[in-house]
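# Coordinate analysis (summary)
One-letter residues, chain by chain:
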Amino acid sequence: AQTVTQSQPEMSVQEAETVTLSCTYDTSESNYYLFWYKQPPSRQMILVIRQEAYKQQNATENRFSVNFQKAAKSFSLKISDSQLGDTAMYFCAFTAGTYKYIFGTGTRLKVLA
Amino acid sequence: DTGVSQDPRHKITKRGQNVTFRCDPISEHNRLYWYRQTLGQGPEFLTYFQNEAQLEKSRLLSDRFSAERPKGSFSTLEIQRTEQGDSAMYLCASSLDDSSSYNEQFFGPGTRLTVL
């Protein structure tokens, strides 16, 4: 069975600081996609960043970057220069072949002024 | 196009009643997904459509749940004889079947169901 684990239920970070959210997954597939989605309070989920498993280079989107370790099945999200608007639930998600997403339980991030 | 829309945004019903939710995907997207999200959890897959064909259903989707996507456009999710355990946020997402799309799913705002 494919699973996604986020071991940090809650985290906080000071504005302008850097924070890393952890995600591990389990699969026997060789090609798959990994995503980080952000769900602000009472708002819909939006994609933050994505990574294809066959690409060794870590994805980067402005202040957001990932550390993808395929052998370790780890996919962490680093947020640099944290902003108040980054306060949200962050979900790690996996998909392979069947198109459905498998989500982790989420990490609630609070950015402190 | 304003993205994925869902209606209603909130629904309160009494146990035993039937409810129906609607999802309008992004217009050119041929895949449509339903997920359920309970408090403190990540979304869980329920079912998905490619055009009008329902291609996969989760074991979470009991026989009280039915989903349709007539003509491959909007979709409805009906829950019959609701139970308190059905209380959750029901999320709809859509994606484009395109080799360059990474199967990125675009999510709607959800319908929050409360069963009393």
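One structure accompanies this document, and this report is about it.

The rules behind the values
Residues numbered from 1 in each chain as written. Chains lettered and ligands numbered in written order. Predicted model: local features only at pLDDT ≥ 70, side-chain atom pairs only at ≥ 80, totals over all residues. Heavy atoms only, no water. Disulfide = S-S within 2.5 Å. Helix = DSSP H or I, 4+ residues; strand = E, 2+ residues; numbered from the N terminus. Buried < 20%, exposed > 50% of the residue type's maximum accessible area, 1.4 Å probe, protein only. Contact = heavy atoms within 4.5 Å. Buried area = accessible area lost by both parts, 1.4 Å probe. Salt bridge = Lys/Arg side-chain N within 4 Å of Asp/Glu carboxyl O. Polar contact = N/O pair within 3.5 Å; in protein donor to acceptor, adjacent residues only side chain to side chain. Nonpolar A, V, L, I, M, F, W, Y, C, P; charged D, E, K, R; others polar.

### A word on the state of the cysteines
Joining two cysteines, a disulfide is a covalent bond between their sulfur atoms. Scanning the model with the defined rule gives two disulfides over all chains in all. Disulfide partner of cysteine 23 of chain A: cysteine 92 of chain A, at an S-S distance of 2.0 Å. Looking down the S-S bond of the cysteine 23 of chain A and cysteine 92 of chain A bridge, the torsion is -70°, so its handedness is left-handed. Of this pair, cysteine 23 of chain A sits in the loop between strand S3 (19–21) and strand S4 (24–26) while cysteine 92 of chain A sits in strand S10 (residues 88–95), placing them 69 residues apart in sequence. Summarising the burial analysis for this pair, cysteine 23 of chain A and cysteine 92 of chain A share the class buried. A sulfur-sulfur separation of 1.8 Å characterises the disulfide bridge that pairs cysteine 23 of chain B with cysteine 92 of chain B. With the S-S dihedral at roughly -70°, the linkage between cysteine 23 of chain B and cysteine 92 of chain B falls on the left-handed side. With cysteine 23 of chain B in strand S3 (residues 19–24) and cysteine 92 of chain B in strand S9 (residues 88–95), this residue pair connects regions lying 69 residues apart in the sequence.

### Brief notes about the interface of chain B and chain A
It is common to give the size of an interface as the accessible area lost on bringing the parts into contact. Residue-level contacts link 20 residues of chain B with 19 residues of chain A. The junction of chain B with chain A conceals about 1,800 Å² of combined surface from both sides, 53% of it contributed by carbon and sulfur atoms. For the pair chain B and chain A, the number of links is two salt bridges. Between lysine 100 of chain A and glutamate 56 of chain B there is a salt bridge, and its shortest N-O distance comes to 2.9 Å. Inspection of the chain B/chain A interface yields nine residue pairs in polar contact (both at pLDDT 80 or more). When contributions to the side of chain B that touches chain A are tallied by element, the ones reaching two or more residues are strand S4 (31–37) and strand S5 (44–50) of chain B. Top element by residues in the side of chain B that touches chain A is S4 of chain B. It accounts for four residues. Per-class residue counts for the side of chain B that touches chain A are 10 nonpolar, seven polar and three charged.

The analysis is restricted to geometry; functional conclusions fall outside its scope.
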